[in-house]
Amino acid sequence: MRAVVQTVGRASVTVDDEVVGAIEDGLLVLLGVTHTDTAETAATMARKVHELRILDDERSAADVGAPILVVSQFTLYGDARKGRRPSWTAAAPADVAEPLVTAVVEALRHCGAKVETGRFRTHMLVESTNIGPKTILLDL
């Protein structure tokens with residue numbers, strides 16, 4: 001599982017002209033799933049995201065109650081080392097990835113995080129205003 005975590009002043013996801021998820025002063029998490037990921041991987045990723053000390057004064061979303069916007073992003077497993085056309089073979093198929101993305105979201109909520117999401121299997125417009133910018137890649 002891979003996540004790109006960014007500190008944002010605001011972020012939102014729009015599908016068909018409808019905002020389906022939006023946050024202010026929190027974390028935008030682009031989340032990719034691979035074939036070997038499990039429910040345990042999802043729980044570990046949720047804990048890492050929630051406790052990641054990326055906010056001001058080395059604090060985490062858990063410390064300050066910052067909201068988190070989670071957006072599924074299979075392209076994090078794109079591989080363009082052998083040319084210009086990326087291969088997506090390392091990305092888990094949607095029927096495998098969707099329950100694991102949901103598991104990360106549920107684990108974050110179980111920890112007390114306020115979580116918004118994108119919408120799986122749709123064309124999403126993701127907008128964000130980064131703060132810092134601070135961006136971390138978590139690769140489990």
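Structural notes, computed from the coordinates. Keep in mind that what you see is a predicted model, and the values were worked out from it rather than measured.

1. Details of the pairing of strand S3 (residues 68-72)
Phase 1 of the analysis: With respect to burial, S3 is a largely interior element, four of its five residues being buried.
Phase 2 of the analysis: Examined bridge by bridge, strand S2 (residues 18-32) and S3 share five bridges and lie parallel to one another. Of the residues in S3, the one forming a bridge with Leu31 is Ser72.
Phase 3 of the analysis: Pairing between S3 and strand S4 (residues 115-117): three bridges, direction parallel. Bridge pairing links Val70 to Thr117 in S4.
Phase 4 of the analysis: Regarding topology, helix H3 (residues 94-110) serves as the crossover connection from S3 to the parallel S4, and that connection is right-handed.

2. Digging into the pairing of strand S1 (residues 2-15)
Phase 1 of the analysis: Taking burial as the measure, the 14 residues of S1 include 12 buried ones, the bulk of the element.
Phase 2 of the analysis: Taken together, the 13 bridges between S1 and S2 define a ladder with antiparallel strand orientation. Bridge pairing links Arg10 to Glu24 in S2.
Phase 3 of the analysis: Here S1 folds back onto S2 in antiparallel fashion, the turn holding two residues, of which Asp16 has a positive phi close to 50°.
Phase 4 of the analysis: Inspection of the sheet shows S1 paired to strand S5 (residues 125-139) by 11 bridges, in the antiparallel sense. Among the inter-strand pairings, Ala3 is bridged to a residue of S5, identified as Leu138.

3. Notes on the pattern of salt bridges
Phase 1 of the analysis: Applying the stated criterion across every chain, the model contains seven salt bridges.
Phase 2 of the analysis: Salt-bridge contacts for Arg81 lead to Asp79; the nearest nitrogen and oxygen are separated by 2.7 Å.
Phase 3 of the analysis: Here Lys114 makes a salt bridge to Glu116, at a shortest N to O gap of 3.5 Å.
Phase 4 of the analysis: By relative accessible area, Glu116 is classed as partly exposed at 24%.

Rules used in this analysis
Residues numbered from 1 in each chain as written. Predicted model: local features only at pLDDT ≥ 70, side-chain atom pairs only at ≥ 80, totals over all residues. Heavy atoms only, no water. Buried < 20%, exposed > 50% of the residue type's maximum accessible area, 1.4 Å probe, protein only. Helix = DSSP H or I, 4+ residues; strand = E, 2+ residues; numbered from the N terminus. Pairing = 2+ DSSP bridges. Right-handed = clockwise from strand over helix to strand, strands pointing away. Salt bridge = Lys/Arg side-chain N within 4 Å of Asp/Glu carboxyl O.

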